[in-house]
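A look at the structure
So you can see what is in the structure, the chains are spelled out below.
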Amino acid sequence: MTDADQPAATGSLGTSVRRKEDRRLVTGHGRFVSDLELPRMRHVAFLRSPHGHARITGVDTSAAREGGFRVFTGPDFAHVVLRARSALPSYVETDQPVLALGKVRFAGEPVAAVVAADRYLAEDGLELVDVEYEPLPVTVCAWAEPAEPVHVDAPDNVLLHRRFEAGSTADGFAGADLVVERELVTNRHCGSPLECRAGVALWDSADGKLTFWNGTQVPHIVRNMIAELLDLPEGKVRVIAPDVGGGFGVKSVLYPEDVALCLMARAMPGVPLKWVEDRAEHLLAASHARDHRYLMRAGFAADGTLLALEADVTCNVGAYSVYPWTAGIEPLMAGGLLSGPYKLANYLCAVRGVATNTAPAGPYRGVARPATVFAMEAVFDEAATRLGIDAAEIRRRNLIRPQDVPYRMPSRLVDDSGHYVECLDRALAAIGYPELRAEQQRRRATGGGPPIGIGIAVYNELTGLGRAASAGPRMPFRTGHDACTVRVNPDGRVTVISGVTSQGQGLETTMAQVVADVIGVRYSDVEVRIGDTDEALWGFGAFSSRQAVIGGGAAHGTAVAVREKMLALAAELLEAAEHDLDVQGGEIFVVGEPKPRISLAEVARVAYLESNRLPEGFEPGLQATKFFDPIRGAFAAGAQVAAIEVERATGQLSILDYVCVEDAGRVMHPQIVDGQIAGAVAQGLGGALYEHLIYDEDGNLSTGTLLDYLMPTSAEVPDLVIGHVARPAANPLGVRGVGEGGTLGPYAVLAGAVHDALGVYLDTLPVSPASVWKELNEP
Amino acid sequence: MKCPPFDYVRAGSVEEVVKVLAEADGEGKILAGGQSLVPVLALRLARPAVLVDINRIPGLDSMRRGGGALEVGALVRHNDLVEQTD
């Protein structure tokens, strides 16, 4: 690791400078919502529905009130509903109450809230609230016959459907030598950040102002939504996301609990109300994901060329359309990206989002694409086997090439990457593909050692979506831009107030690197403030692998503006020409001279304190605020390859080697980028092998603790080999998003590796010892 | 930890444990290390009327060898078992 005090002349971008946030995070000085203690603070616990679907026939809070508890129930907040909006023609808008009203739609839905001196007492208070239910028929599977509509407005439970169509699949199949048909089902799981959801809400009645400390990925969106829902002036709502312990998409949703907390705070002026979700609540009621079924039909030529693809995709969107992203988040992504990095002319894909009596499905790192990549690669694996083509070669023959770019995908998204073959070949070389194939053959021939399997996945990821690229879901907002403020302080050091947010990605560091290099100051002289809507002008937040591209672009453009003003002022003070000046390490040089003429600190001092030296026409101060919107997005490319061994007797697989090669464009901070890739692959492995949220037929979540919901630990995650193909993207920093790509490969890689090892087809995830054993032993 | 309310008895002998458990009529639980019971209590998945703490009962934390067998008391800590030398 490079020392933080490295000379600025070399620039900090592209090096692993010490992360700004590490001192506080690794020494236990992080400031999380859970750490927040305020005078007169009270704690909130939510009573949750024990039924998957039931009418509420009676609520008796008298015992709790007599016990001294403040209790809120559905009717208290009946005037507020969360109604996720989209202009897509087929979309059925539905209401999500703040606290259940009339009926409950999933086990875990908040029904009442109790306020007490501490969380323990609040949970005691919950036991005094008596709710009577009349159970209703339950639907947990999105492709089963619905038992009883979840919402009256959607009698068939379909909240959204859409067709993606290109070319003629009939023509494609007519010329096909092979048709592969598969029914593939992916396992429901969730983001599971280390810190669960958390909030503290405080209503100041004198100022008429609400402050909401919220462990969110999207503080400005939360401010906007809370102001609208509570009918408050937006300037009277302050949202603060301090340190946030992981998000992964789960924390980009505005939940009924968040709104309830703010509404309760307004009812209890001056009393800060705190709710920190525990793990059992998180598994039950934070957003779930990836409960999908893909009916795939693909036509291939004898040489392995993909000629046509028809797909029918059903996504279980749970009981509510998540606010504000809607139930479209997974189905639309699935239909848009299913064909991935492969060239395809004839495409027909029907997607639908179906409501069930399960927790709402929302964005989770990778959004639908771990499942679509699994579906696509499963089809390629089967085609390769049946056509007698090597698994890597069939992919190579179909991948989008650099010369095809810009490539219009059949869903009409435009791929600007094309570096897939390069990623794949680098990954195959890193793992020693020919040697592995030879060893696989040797074991097959001699029976020496357990069977080896090699799994392959290639994927594209649309990152950093600008206004054009974020238009797809037709929500009443476009998420293409972020703002940044760069301020040179009177001492010449720099404060950056950025609209980005961080849940561990090191965005303070990245923003500081960008600004330090543009202005020409030391990295250690730049501080970054994020996560407070009273400070930053605007940021949409962390999702869609957007912040390095968009927040980074905003930091870059703003720093350029500040540098221009600084140099203009310095030029006047020095009576030199602006274009002759350069800045390094906070010192301003005339180009070609060895010694600096003036320091940035002196220029800044003039700007703020010495108007007597300020040239005619110069406004005091050294600050700028600018927005950036890349308009389109930047596709990132990736390939993952793994070698596994399988024990036939137990179905247990062990990963021998795992390689991931990605094109993240220009790598700004190698350690952070590798950390993003490693973390994403680890989460993908969890989804592929272990994590499975299971509902029984009555709608009870039977995986309600981490004893039942298995997550990978460092013991299960293998050493990863990470490689880079750094092809700069067409944006100011040349970067592509890297936060999610790693999650896209593991399902396909591991299911494919088992197929390669044993010849069995795993159509249902996760890949567990039991599922492998069953394929081997049950006809 | 947010356990539901329960009565607590620190037993001085095995006889007392048996007596309290019998009186609890199925609603009593033994607290030894608490590794399994306490998380379940914290989630309010178990609601025993009485917890009988056996940690102070003399003799339960000893090991004995004899007659070709090793007798390990119910309160022997894993660490003591690992560290024991004879």
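Fair warning: this is a prediction, and the values are worked out from it, not measured in the lab.

**Things to note about the overall build of chain A**
Along the backbone of chain A there are 18 helices and 32 strands. For 779 residues, the compact-globule estimate of 2.2 N^0.38 gives 28 Å, and the C-alpha radius of gyration of chain A, at 27 Å, lies within 12% of that figure. Its C-alpha atoms give chain A principal-axis dimensions of roughly 90 × 75 × 45 Å. The burial tally for chain A puts 61% of its 779 residues in the buried class. Once local pairs closer than 6 in sequence are excluded, the contacts in chain A between residues at least 24 apart make up 80%. Accessible surface, chain A: about 27800 Å² in total, of which carbon and sulfur atoms supply 51%. Looking at charge distribution, chain A has the averaged site of its 70 positive side-chain charges lying 3 Å from that of its 98 negative ones.

**Regarding the interface of chain A and chain B**
Taken together, the contacts link eight residues of chain A with seven residues of chain B. Ranking the residues of chain A by area buried against chain B places Y120, E123 and E127 of chain A at the top, with a combined share of 65%. Across the contact surface, chain A and chain B share four salt bridges. One salt bridge in this structure joins R47 of chain B and E127 of chain A, with 2.6 Å as the shortest N-O distance. On inspection of chain A and its partner chain B, the count reaches five residue pairs in polar contact (both at pLDDT 80 or more). Ranked by the residues each element gives to the side of chain A that touches chain B, the list is headed by helix 3 (residues 119-126) of chain A, at four residues. Residue composition of the side of chain A that touches chain B, grouped by class: two nonpolar, one polar and five charged.

**Details of the packing of aromatic side chains**
Residue and element names in this part refer to chain A. Taken as a whole, this structure holds eight aromatic pairs over all chains when the rule is applied. Summarising the aromatic geometry, the rings of Y342 and F380 are spaced 4.3 Å apart at their centres and angled 40° between planes, so their arrangement reads as tilted. Here Y342, found in the loop between helix 8 (329-337) and strand 19 (347-355), pairs with F380, found in helix 9 (residues 369-387); they are 38 residues apart in sequence, far enough to count as distant. The exposure class of F380 is buried, given its relative accessible area of 0%. Seen in terms of ring centroids, W538 and F540 are 5.3 Å apart; in terms of plane orientation they differ by 85°. Their pairing is edge-to-face. Like F540, W538 is buried.

**So, the sheet that holds strand 27 (residues 587-590) of chain A**
Taking strand neighbours across the sheet as the criterion, the three strands line up as 26-27-28 (chain A) in an open arrangement whose pairing is antiparallel. Where the open sheet ends on each side, the last strands, each with one partner, are strand 26 (581-584) and strand 28 (598-599) of chain A.

**Overview of the nonpolar core**
Residue and element names in this part refer to chain A. Membership of the largest hydrophobic core comes to 152 residues, with the highest contact counts inside it found for V259, M264, M296 and F300. Considering each element in turn, this core owes the most residues, 10 residues, to helix 9. Residue contacts for V259: discarding those within four places in its chain leaves V80, L82, V98, I226, L229, L230 and L254. Formed by 51 residues, the second largest nonpolar core is a distinct cluster that contains L13, L507, V583 and A624.

**A word on the confidence of the model for chain B**
Averaged over chain B, the pLDDT score is 91; the fraction of residues at 70 or greater is 98%. ipTM for the predicted complex: 0.78, alongside a pTM of 0.95.

**Things to note about unusual backbone geometry**
All names here are of chain A. The step from Y323 to P324 runs through a cis peptide bond, and the omega angle for that step is 0°. Note on placement: P324 falls in the loop between strand 18 (306-318) and helix 8. In this chain, L765 is followed by P766 through a cis amide linkage whose omega measures 5°. The backbone of S544 sits at a positive phi, close to 55°, despite the residue not being glycine. Among the secondary structure elements, S544 is positioned in the loop between strand 25 (526-529) and helix 14 (547-574).

**A word on the pairing of strand 30 (residues 634-646) of chain A**
Residue and element names in this part refer to chain A. A large share of strand 30 lies buried, amounting to 13 of its 13 residues. Where burial is concerned, the two faces of strand 30 agree: the one with A634, A636, G638, Q640, A642, I644 and V646 and the one with F635, A637, A639, V641, A643 and E645 are both buried. Relative to strand 30, strand 22 (residues 452-463) runs antiparallel, the two sharing 12 bridges. Bridge pairing links G455 to A642 in strand 30. Between strand 30 and strand 31 (residues 653-663), which pair antiparallel one after the other, the connecting turn spans six residues, and G651 there sits at a positive phi close to 80°.

**Focus: the packing of helix 16 (residues 670-689) of chain A against helix 17 (residues 746-758) of chain A**
Residue and element names in this part refer to chain A. With their axes 8 Å apart at the nearest point, helix 16 and helix 17 run at an angle of 50° to one another. If you check the angle between helix 16 and helix 17, you find them oblique. As for how helix 16 packs across helix 17, the hand of that crossing is right-handed. On helix 17, the residues touching V681, G684, L685, G687, A688 and L689 of helix 16 are P746, Y747 and L750. Counted by class, the contact of helix 16 with helix 17 contains seven nonpolar, two polar and no charged residues.

Calculation criteria
Residues numbered from 1 in each chain as written. Chains lettered and ligands numbered in written order. Predicted model: local features only at pLDDT ≥ 70, side-chain atom pairs only at ≥ 80, totals over all residues. Heavy atoms only, no water. Helix = DSSP H or I, 4+ residues; strand = E, 2+ residues; numbered from the N terminus. Rg over C-alpha atoms; globule rule 2.2 N^0.38 Å. Buried < 20%, exposed > 50% of the residue type's maximum accessible area, 1.4 Å probe, protein only. Contact = heavy atoms within 4.5 Å. Areas by Shrake-Rupley, 256 points an atom, 1.4 Å probe, with all protein chains shown as cover. Lys, Arg positive; Asp, Glu negative; His and termini not counted. Charge placed at Lys NZ, Arg CZ, Asp CG, Glu CD. Buried area = accessible area lost by both parts, 1.4 Å probe. Salt bridge = Lys/Arg side-chain N within 4 Å of Asp/Glu carboxyl O. Polar contact = N/O pair within 3.5 Å; in protein donor to acceptor, adjacent residues only side chain to side chain. Nonpolar A, V, L, I, M, F, W, Y, C, P; charged D, E, K, R; others polar. Phe/Tyr/Trp six-rings, centres within 6.5 Å; stacked < 30°, edge-to-face > 60°. Pairing = 2+ DSSP bridges. Core = buried A, V, L, I, M, F, W, Y, C linked by side-chain atoms within 4.5 Å. pLDDT = per-residue confidence, 0-100. Axes fitted to C-alpha atoms, helices over the stretch in contact; angles between N-to-C directions. Parallel < 35°, antiparallel > 145°, perpendicular 65-115°, else oblique. Left-handed = near helix turned anticlockwise from the far one by under 90°.

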